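A look at the structure
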Amino acid sequence: MTPTPTRPVPIRPLPVRPGRMPLDVPGLGTGPADILQRIEWMERLLEGAFVIPGTNRRVGLDAIIGLLPVAGDAITAAMGAWIVFEARLLGVPKWKLMRMSANVAFDFALGAVPLLGDALDFLFRSNSINLKIIRRHIERHHPELRTINQR
């Protein structure tokens with residue numbers, strides 16, 4: 001028997017349902033598509049997983065866990081650092097990784113300020129900014145993934 005040639009599987013974006021949090025972790029592979037899906041999933045979890053009742057404003061774990069003094073901000077900073085680590089696997093240049101790390105550090109510093117830091121967590125979304133940096137890198141260096149980036 002001769003083996004049948006395999007066809008490439010089309011890459012589809014994660015479904016996003018308004019008001020619902022994605023519960024299943026996307027691809028655990030090491031390819032660029034799997035890495036990008038994990039980064040998008042983490043960004044969605046940290047920045048826009050929940051809708052505030054009565055409003056159309058989305059919040060994520062960054063703002064919710066950040067209400068815990070110091071420890072909450074440290075946990076969300078570690079989760080943001082994971083996004084930077086995954087970006088390194090995509091081949092993002094060091095200067096962009098430093099910029100992304102600075103965004104996470106700035107978010108951590110803002111969150112450390114009592115009360116004011118919690119309010120600013122709703123406004124400054126470092127993980128969303130970092131995802132934009134990653135998407136710009138992908139547009140240039142991984143053209144096969146461009147269809148994923150459209151929302």
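Right above here is the structure, for reference.
To keep things clear, this report deals only with the structure shown in the data block. The model shown is predicted, which means the values in this text are computed figures rather than measured ones.

Re the overall build of the chain
Along the backbone of the chain there are six helices and two strands. Its helices and strands taken in sequence order, the chain reads α-β-β-α-α-α-α-α from the N to the C terminus. When burial is assessed residue by residue, the chain has 42% of its 151 residues classed as buried. Taking as baseline every contact in the chain between residues at least 6 positions apart, the subset at least 24 positions apart corresponds to 59%.

Observations concerning the nonpolar core
Ile 39, Met 42, Leu 45, Ile 83, Leu 90, Met 100 and Ile 134 are the most contacted members of the largest nonpolar core, which has 23 residues in total. The set of elements that each furnish at least two residues to this core consists of helix H1 (32-47), helix H3 (71-89), helix H4 (94-112) and helix H6 (126-141). Here this core takes seven residues from H1, the largest share from any one element. With near-sequence residues (within four places) excluded, Ile 134 lies in contact with Leu 36, Ile 39, Ile 83, Ala 87, Leu 90 and Met 100.

Notes on the pattern of salt bridges
Counted according to the given criterion, the structure contains two salt bridges. One salt bridge in this structure joins Glu 86 and Arg 38, with 3.1 Å as the shortest N-O distance. Of this pair, Glu 86 sits in helix H3 while Arg 38 sits in helix H1; the two residues are 48 residues apart in sequence, bridging distant segments of the chain. Pair check on accessibility: Glu 86 and Arg 38 agree, each one buried. Arg 135 is the salt-bridge partner of Glu 40, the closest N and O atoms lying 3.1 Å from each other. Taken together, the residues span a long stretch of sequence, with Glu 40 in helix H1 and Arg 135 in helix H6 at a distance of 95 residues. By relative accessible area, Glu 40 is classed as buried at 3%.

Things to note about empty space enclosed by the protein
If a probe as big as a water molecule is rolled over the atoms, it shows which places are left empty. Considering all chains together, one arrives at two cavities of 30 Å³ or more under this definition. Here the largest cavity is characterised by a volume of approximately 70 Å³. Around the largest cavity sit Asp 62, Asp 73, Thr 76, Ala 77, Gly 80, Val 104, Asp 107, Phe 108, Asp 121, Ser 126 and Asn 127, which together line it. If one sorts the elements of the lining of the largest cavity by residue count, H3 sits on top with four residues.

What counts and what doesn't
- Residues numbered from 1 in each chain as written.
- Predicted model: local features only at pLDDT ≥ 70, side-chain atom pairs only at ≥ 80, totals over all residues.
- Heavy atoms only, no water.
- Helix = DSSP H or I, 4+ residues; strand = E, 2+ residues; numbered from the N terminus.
- Buried < 20%, exposed > 50% of the residue type's maximum accessible area, 1.4 Å probe, protein only.
- Contact = heavy atoms within 4.5 Å.
- Core = buried A, V, L, I, M, F, W, Y, C linked by side-chain atoms within 4.5 Å.
- Salt bridge = Lys/Arg side-chain N within 4 Å of Asp/Glu carboxyl O.
- 1 Å grid on protein atoms, 1.4 Å probe; cavity = no way out; pocket = protein on both sides within 12 Å on 5 of 7 lines; lining within 4 Å.
- Points joined across faces, edges and corners; volume = space filled by probe spheres on them.

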